[in-house]
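Letter by letter, the chains look like this.
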Amino acid sequence: MSCWFIQILFPVILLSIVVPLYNDHVNLIRFLEHLNMEGCSEVSEIIFIDDGSNERYDSILTGSKFHNYALLRQTNGKQGKARNTGIDNSKGQYIWFVDVDDKISTNQINIVTEAIYESANNDVIFFDAVCKDKILKSNLPDLDRGGILKRLSLNTLTVAAWNKIYSRDFLVSNNIRFIEDRKFGDLYFSIKTCVLMK
C-alpha cells in the first residue's frame, strides 16, 4: 500500500507593510483607494494596527480589493507601540512602516519588492521618497555607516521610517524597537538601525 502526501505551497511573504491607525477612517479610505489602483503583490501583506481608536475599521477593510491583511487591536500606546506590534506579528522577510496618511505612488510596492530581490542581504534598504512635494533622495551608494550617521546628525538624511525597508530578522535579532508612549520615535530607531546594520 502506498501513501501519497500532497504539499500545498503558499507563497513566501516577502514584504510586511505595517500601518498604525488611530481615528482616521478618511485617510484609511484614501490609502486603500491607492492600494486598489496600485495592485498589491501576492508576496506582500498589510498589518493594520488599531491603536485604541473610537472608530471601527472592519467594514472599510472588507470592502477593499486587497485581502492579504490583518487588523490588530490594542489599547492606545501611540505610533511606536503600534509599530512594535506590527514587528511582532509580521510574517514578511522585510518590513515597511507606512503611515495611513502616506500616499503610495503608482507601482511603489512592486518597486520596493524588486529592491528586496536586488538587495536581499541588506539589513536596511533606503529608497527615494517625496514629502510635501520635495524629493528626498537617499543618495547612499557611496556612504559607509559613519557617513550615514553624519548625514542623520546634520539632518541631511530623513530620519523617518517610511523611506526605508528593514530586514525582519535584523530587527528581531538586534531587539530594535520603537520607543513607546511617544509621538515621534523615528530618530532613535533610525540611529540604532544605522549603527547596527551591515
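Keep in mind that this is a model prediction, so the values were computed, not measured.

Peer 1: Looking at this structure, I do not really get the overall build of the chain. What am I missing?
Peer 2: A count of helical and extended segments in the chain gives 7 helices and 8 strands. Long-range pairs, those at least 24 residues apart, make up 73% of the contacts in the chain with a sequence separation of at least 6. Working note: accessible area of the chain is about 11400 Å², and carbon and sulfur atoms make up 53% of it.

Peer 1: Looking at this structure, how should I read helix α3 (residues 78-89)?
Peer 2: Along an α-helix, residues three or four positions apart point the same way, because every turn accommodates 3.6 residues. Look at α3: 17 Å from first C-alpha to last across 12 residues, which is about the 16 Å you get at 1.5 Å a residue. Along α3, the positions that sit buried rather than exposed are Gly80, Ala82, Arg83, Asn84, Thr85, Gly86 and Ile87. Turning to α3, the residues buried within the fold contact β1 (15-21), β2 (44-51), β3 (69-74), β4 (94-97), α6 (168-173) and α7 (186-196).

Peer 1: How do you make sense of a nonpolar patch on the surface when you look at a structure like this?
Peer 2: Taken together, the side chains of Leu187, Ile191, Val195 and Leu196 present a nonpolar region at the surface, about 300 Å² in accessible area. Tracing the backbone through its elements, the reader meets Leu187 in helix α7.

Peer 1: In this structure, what is going on with the pattern of salt bridges? I would like to understand it.
Peer 2: Pairing of side chains with opposite charge becomes possible as their charged atoms draw close. A full pass over the atoms with the stated rule returns 6 salt bridges. A salt bridge links Asp88 to Arg177; the shortest N-O distance between them is 2.7 Å. A residue pair is termed long-range when its members are at least 10 positions apart, and Asp88 in helix α3 and Arg177 in the loop between α6 and α7 qualify at 89 residues. Accessibility expressed as a relative area gives 45% for Asp88, which makes it partly exposed. One connected set of salt bridges, linked through shared partners, spans Asp50, Arg56, Asp58 and Arg73.

Peer 1: Even after reading the chapter, I still don't get the confidence of the model for the chain, so can you show me in this structure?
Peer 2: The predicted coordinates should not be examined in detail at positions where pLDDT is low. Averaged over all residues, the pLDDT of the chain equals 78, while 76% of them reach at least 70. Mean pLDDT in the chain bottoms out at strand β7 (residues 134-136), which sits at 52, and peaks at α6, which reaches 96. Note on residues 1-10: pLDDT is under 50 here. Beyond four places in sequence and across chains, it has 0 contacts.

Peer 1: Quick question: what am I supposed to make of the environment of His67 here?
Peer 2: Among the secondary structure elements, His67 is positioned in the loop between α2 (58-62) and β3. Each C-alpha atom, one on His67 and one on Ile46, is 8.9 Å from the other, the two residues being 21 residues apart in sequence.

Peer 1: What is the right way to look at the packing of aromatic side chains in this model?
Peer 2: Here the distance between the centres and the angle between the planes together describe a pair of aromatic rings. With the rule as written, the count across this model stands at 7 aromatic pairs. Centroid distance Phe97 to Phe178: 5.0 Å. Interplanar angle 80°. Geometry classified as edge-to-face. Of this pair, Phe97 sits in strand β4 while Phe178 sits in the loop between α6 and α7; the two residues are 81 residues apart in sequence, bridging distant segments of the chain. When sorted by exposure, Phe97 lands in the same class as Phe178, which is buried. On the numbers, 3.8 Å between centres and 5° between planes, the contact of Phe178 with Phe189 is stacked.

Peer 1: Even after reading the chapter, I still don't get the sheet that holds β4, so can you show me in this structure?
Peer 2: Working definition: the strands of a sheet are paired by backbone hydrogen bonds and lie parallel or antiparallel to each other. A sheet is described by the order of its strands in space; here 6 strands give the open sequence β3-β2-β1-β4-β8-β5, paired in mixed fashion. Only two strands of the sheet have a single neighbouring strand rather than two, namely β3 and β5 (124-126). On average, each strand axis in the sheet is inclined to that of its neighbour by 25°, with strand direction left out of account. Note: β1 against β2, 7 bridges, orientation parallel. Looking at β2, one finds that Pro20 is bridged to Ile49. Across the sheet, α3 is in contact with β1, β2, β3 and β4; its angle to β2 comes to roughly 140°.

Peer 1: Whenever I open this one, the pairing of β2 confuses me. Can you help?
Peer 2: Consecutive residues of a regular strand have side chains that alternate between opposite faces of the sheet. The buried fraction of β2 amounts to 8 of the 8 residues, a majority that puts the element mostly inside the structure. On β2, burial covers both faces: Ser44, Ile46, Phe48 and Asp50 on one face and Glu45, Ile47, Ile49 and Asp51 on the other are all buried. For β2 and β3, the ladder comprises 6 bridges, and the chain directions are parallel. Its bridge partner lying in β3, Ile46 is registered against Tyr69.

Peer 1: In this structure, what is going on with the nonpolar core? I would like to understand it.
Peer 2: One broad trend across soluble globular proteins is that nonpolar side chains are buried collectively. If you look at the biggest cluster of nonpolar residues, it comprises 27 residues, and the most contacted ones within it are Leu15, Val19, Leu28, Phe48 and Trp96. Among the secondary structure elements, those contributing two or more residues to this core are β1, α1 (25-38), β2, α2, β4 and α4 (108-118). Among all residues touching Val19, those that are not within four sequence positions of it are Phe31, Ile46, Ile47, Phe48, Ile49, Val98, Asp99 and Val100. Ranked by size, the runner-up nonpolar core spans 19 residues in total, among them Val124, Ala161, Tyr166 and Phe178.

Calculation criteria
- Residues numbered from 1 in each chain as written.
- Predicted model: local features only at pLDDT ≥ 70, side-chain atom pairs only at ≥ 80, totals over all residues.
- Heavy atoms only, no water.
- Helix = DSSP H or I, 4+ residues; strand = E, 2+ residues; numbered from the N terminus.
- Contact = heavy atoms within 4.5 Å.
- Areas by Shrake-Rupley, 256 points an atom, 1.4 Å probe, with all protein chains shown as cover.
- Expected span 1.5 Å × (residues − 1).
- Buried < 20%, exposed > 50% of the residue type's maximum accessible area, 1.4 Å probe, protein only.
- Patch = residues over 30% accessible without salt bridge, like charges linked within 9 Å, V, L, I, M, F, W, Y side chains within 5 Å.
- Salt bridge = Lys/Arg side-chain N within 4 Å of Asp/Glu carboxyl O.
- pLDDT = per-residue confidence, 0-100.
- Phe/Tyr/Trp six-rings, centres within 6.5 Å; stacked < 30°, edge-to-face > 60°.
- Pairing = 2+ DSSP bridges.
- Axes fitted to C-alpha atoms, helices over the stretch in contact; angles between N-to-C directions.
- Core = buried A, V, L, I, M, F, W, Y, C linked by side-chain atoms within 4.5 Å.

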